[in-house]
Amino acid sequence: MAGTDSSDDEVYEDALENDIIREESGNNLPLTPDEDLEKLLKETTVFIDLFFSNNFGKALEEINKRSKTSIYHALCHGVFMFIRAFMTFEAGDINVAMETIKEALAVCQRYRKKFSAFYRILGWSGDSSYTDLEAHAELTYAECLLLNALLTFISDQSLFTFIRGGLKIRSCYQSYKTCLHILDTHKFQTETALRDFESGVHVGLGAFNLLISQLPKRVMRVLEFVGFSGDREFGQKELEKGCDLIDGLRSPLSVILLTGFHSYVTYTLGLCDGKLDLCRKYLDNMLTKYPKGALFLFFDGRVKQVNGKIDEAIKSFDDSISVQSEWKQFHYMCLWEQQWCYCYKCDWNNAAKCANILRKECRWSPATCCYLYASFLYMQVLEGQNDMMDKIISFYRQVPYLRQRLAGKSIPIEKFCVKNAEKFLANRNKLVLPILEFVYMWHGFPVISKVPAVLEMYHNMIEKNLTELKEANGEVQDIDDYLMVTLLQGMCLKYLNHFDQAEQCFREIINREREIKDKSHLPPYAAAELAFMMMEKGKKDDALEWLKAAKYNYHDYLTEVVLHFRLYAAYKKLNGSQEREPESPIIYKPLPDEAPYPTEYDTNKIININFAGIENSSKYNVENIISK
């Protein structure tokens, strides 16, 4: 998605520019010198309550009254515009949000404690003689910087923007460190000022540490060199402290971030090991305070969904949709999750209804929404409803033309959808279990595993299709489809606790990887699933070997980055967060009754690889490291 590169009028690039801006903009803003912080915090609480009670228009109306003069009115205006931009990903909304946040930065700058550019460059916060207002201005400034840096990455992913955004993140991190120093040394005049400042520091430090802790170790080493650090446990504890300050301004945000991490990030980039009971505790607190809050009802549904309480989750999403109509984007978030709830129940008709609304109205990823709608309809055809084929063909044909670029890059899941849609058309309008394959790619099997009846239904469908994919003489019609369904079968067997049979499925995929034509992601995913399964069985050495195989033996396949995040999460769980990542590749280990595969991958011929040595390789697989 294209965004406006506004580098010419940045107002916060570094410390020197910050001081210049104070001098140039100080006389242009109608500021109130004798700001009553206590009164300001009470006003802010009012429109935060309005927002989380779904009165978005009224909240914005109150905020706009003083968004040019008040640090908290300005910050909240920027936050609301950021939320809208993040939900729509539209260039216009992103540009509006960036301009709003720049204005907020200018307001916060005016109230920050004055230091020379030299001290700012060194990241030195001077003495501790802050006023309460100066302390809160430093905090709101850091929060605005973080929002703007995130929007910078969303709007463009060029190298220059990446560097510029990284510098903003670093300035933001330094500002949060200053806030921590203030919290330790400053004596606030009122309990409210202390509580709200403390909640902001906990949210900032917690979010930074949680997000940075998810990055691979080689990226972490670079970040640590320029002053960053990331610790998952510390980050989680900080967010918990923010959640516990129930009356703090940022307590709702702490709950959203903590719940989002445990119910989304760990399920997308991790091992599906989020602390859902902890999320439940804090969500219940927020739902007591905001019983009709659309955002909290949404996360309530998400936590129920990943816990396997599918019908309860559908009701929570329905409730979230029904309580407000001002921001349709919240509806689309709920509909996206609802379609998967219906999918997990094999209710293809209701899943298709959700997907159709998203296809018509939502602009997140038109190609994905169109593909899913066609695929849910196709699943109904596979069950005997043959009157929809013309419609299905029409929608599959549209998928390649609906692709878009996000932040200048193609979306990996759209590539997956386009490939499958093209295969459908080239294969005389046939696909094999397209929705079940998407469920796997979307990490839905850990959810399905918590509903035994659904898992059995999926397993029966998979067994039937495996039989149909074989000719009478035992030969396979389409090796890609056969191995894809074999992967799905392995997942079902794993969650049915048939580990030996599941292992045979995953190993068969790796055994036959040279026969694969298009689905090159199958072998690395099979190796990864072997690693995860060995972890569950307590076989640490075997798990570590399969982690290395999945990471080093395969390259340039769909959703490679997502799998690498999951591999890194598994490695940290095996060896602790302070350990280095594995640095040398391994070979495939055949079962005792199998012939070694392939014969040229002899252990005596493998050479060690320095981890950093692969970073600049455009294509990396086992052949690159074998001395033949």
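Anything mentioned here points back to the structure above.
Quick look at the structure, then. (Residues numbered from 1 in each chain as written. Predicted model: local features only at pLDDT ≥ 70, side-chain atom pairs only at ≥ 80, totals over all residues. Heavy atoms only, no water.)

1. Digging into the overall build of the protein
- The helix and strand tally for the protein stands at 28 helices and two strands.
- Taking all 628 residues of the protein together, the buried fraction comes to 57%.
- Look at the contacts in the protein between residues 6 or more apart in sequence, and 70% of them connect residues 24 or more apart. (Helix = DSSP H or I, 4+ residues; strand = E, 2+ residues; numbered from the N terminus. Buried < 20%, exposed > 50% of the residue type's maximum accessible area, 1.4 Å probe, protein only. Contact = heavy atoms within 4.5 Å.)

2. Observations concerning the packing of aromatic side chains
- Here the structure, examined in full by the defined rule, presents 34 aromatic pairs.
- Where Trp340 meets Phe438, the ring centres are 5.5 Å apart and the plane angle is 15 degrees; that geometry is what we call stacked. You can see Trp340 sitting in helix H16 (residues 328-344) and its partner Phe438 sitting in helix H21 (residues 434-441), a full 98 residues away along the chain. Phe438 carries the same exposure label as Trp340, and that label is buried.
- Taking 6.3 Å as the distance between ring centres and 35 degrees as the angle between the ring planes, the aromatic pair formed by Tyr371 and Phe438 counts as tilted. Residue Tyr371 is located in helix H18 (residues 366-382), and its partner Phe438 is located in helix H21; the two are separated by 67 residues in the primary sequence. Of the two residues, Tyr371 and Phe438, neither departs from the other in class, the shared state being buried.
- Grouping aromatic residues by their ring pairs yields a cluster made of Trp336, Trp340, Tyr371, Phe376, Tyr378, Tyr396, Phe416, Phe424, Phe438 and Trp442.
- Over the aromatic face of Tyr264 sits the side chain of Arg302, whose NZ or CZ is 4.1 Å from the ring centroid.
- Positioned above the aromatic ring of Tyr267, the side-chain terminus of Arg302 is 5.8 Å from the ring centre. (Phe/Tyr/Trp six-rings, centres within 6.5 Å; stacked < 30°, edge-to-face > 60°. Lys NZ or Arg CZ within 6 Å of the ring centre and 35° of its normal.)

3. Notes on the pattern of salt bridges
- This structure, assessed with the given rule, holds 24 salt bridges.
- For Glu43, the salt bridge identified is with Arg66, shortest N-O distance 3.0 Å. Of this pair, Glu43 sits in helix H2 (residues 37-52) while Arg66 sits in the loop between helix H3 (56-64) and helix H4 (71-88), and the two are 23 residues apart along the sequence.
- Two residues, Lys494 and Glu529, come together in a salt bridge whose shortest N-O distance is 3.6 Å. (Salt bridge = Lys/Arg side-chain N within 4 Å of Asp/Glu carboxyl O.)

4. Some thoughts on the side chain of Thr44
- Position of Thr44 among the secondary structure elements: in helix H2.
- Under the relative-accessibility criterion, Thr44 is labelled buried at 1%.
- Setting aside residues no more than four positions away along its own chain, Thr44 makes contact with Tyr72, Cys76 and Leu249.

5. A look at helix H23 (residues 452-468)
- Given a rise of 1.5 Å per residue, 17 residues ought to cover 24 Å, and the 25 Å separating the end C-alpha atoms of H23 matches this to within 8%.
- For H23, every residue scored as buried is listed here: Val454, Leu455, Tyr458, His459, Met461, Ile462, Asn465 and Leu466. For H23, the buried positions fall inside an angular range of 165 degrees around the axis, keeping them on one side. Across H23 from its buried face, at more than 90 degrees, point the exposed residues Pro452, Ala453, Lys464 and Thr467.
- Buried residues in H23 make contact with H16, helix H17 (348-361), H18, H21, helix H22 (445-448) and helix H24 (479-495). (Expected span 1.5 Å × (residues − 1). Arc of directions from axis to C-beta.)

6. Remarks on the nonpolar core
- Grouped together as the largest cluster of nonpolar side chains are 200 residues, with contacts concentrated most on Trp348, Tyr371, Phe376 and Tyr458.
- Setting aside chain neighbours within four positions, we find Trp348 in contact with Cys343, Phe376, Met379, Gln380, Glu383, Ile435, Leu436, Tyr458 and Met461. (Core = buried A, V, L, I, M, F, W, Y, C linked by side-chain atoms within 4.5 Å.)

7. A look at helix H25 (residues 499-511)
- Here H25 is 13 residues long and its end C-alpha atoms lie 18 Å apart, about the 18 Å a rise of 1.5 Å per residue gives.
- Buried-residue contacts for H25 involve H24, helix H26 (522-536) and helix H27 (540-552).

8. With respect to the packing of H18 against helix H19 (residues 389-398)
- Here H18 crosses H19 at 155 degrees, and the two axes come no closer than 9 Å. Put simply, H18 runs roughly antiparallel to H19. Like other packed secondary-structure pairs, H18 and H19 cross with a definite hand, here left-handed. Residue-level inspection shows Cys370, Tyr371, Tyr373, Ala374, Ser375, Leu377, Tyr378 and Val381 of H18 in contact with H19, the latter providing Met389, Lys391, Ile392, Phe395, Tyr396 and Gln398.
- Counted by class, the contact of H18 with H19 contains eleven nonpolar, two polar and one charged residues. (Axes fitted to C-alpha atoms, helices over the stretch in contact; angles between N-to-C directions. Parallel < 35°, antiparallel > 145°, perpendicular 65-115°, else oblique. Left-handed = near helix turned anticlockwise from the far one by under 90°. Nonpolar A, V, L, I, M, F, W, Y, C, P; charged D, E, K, R; others polar.)

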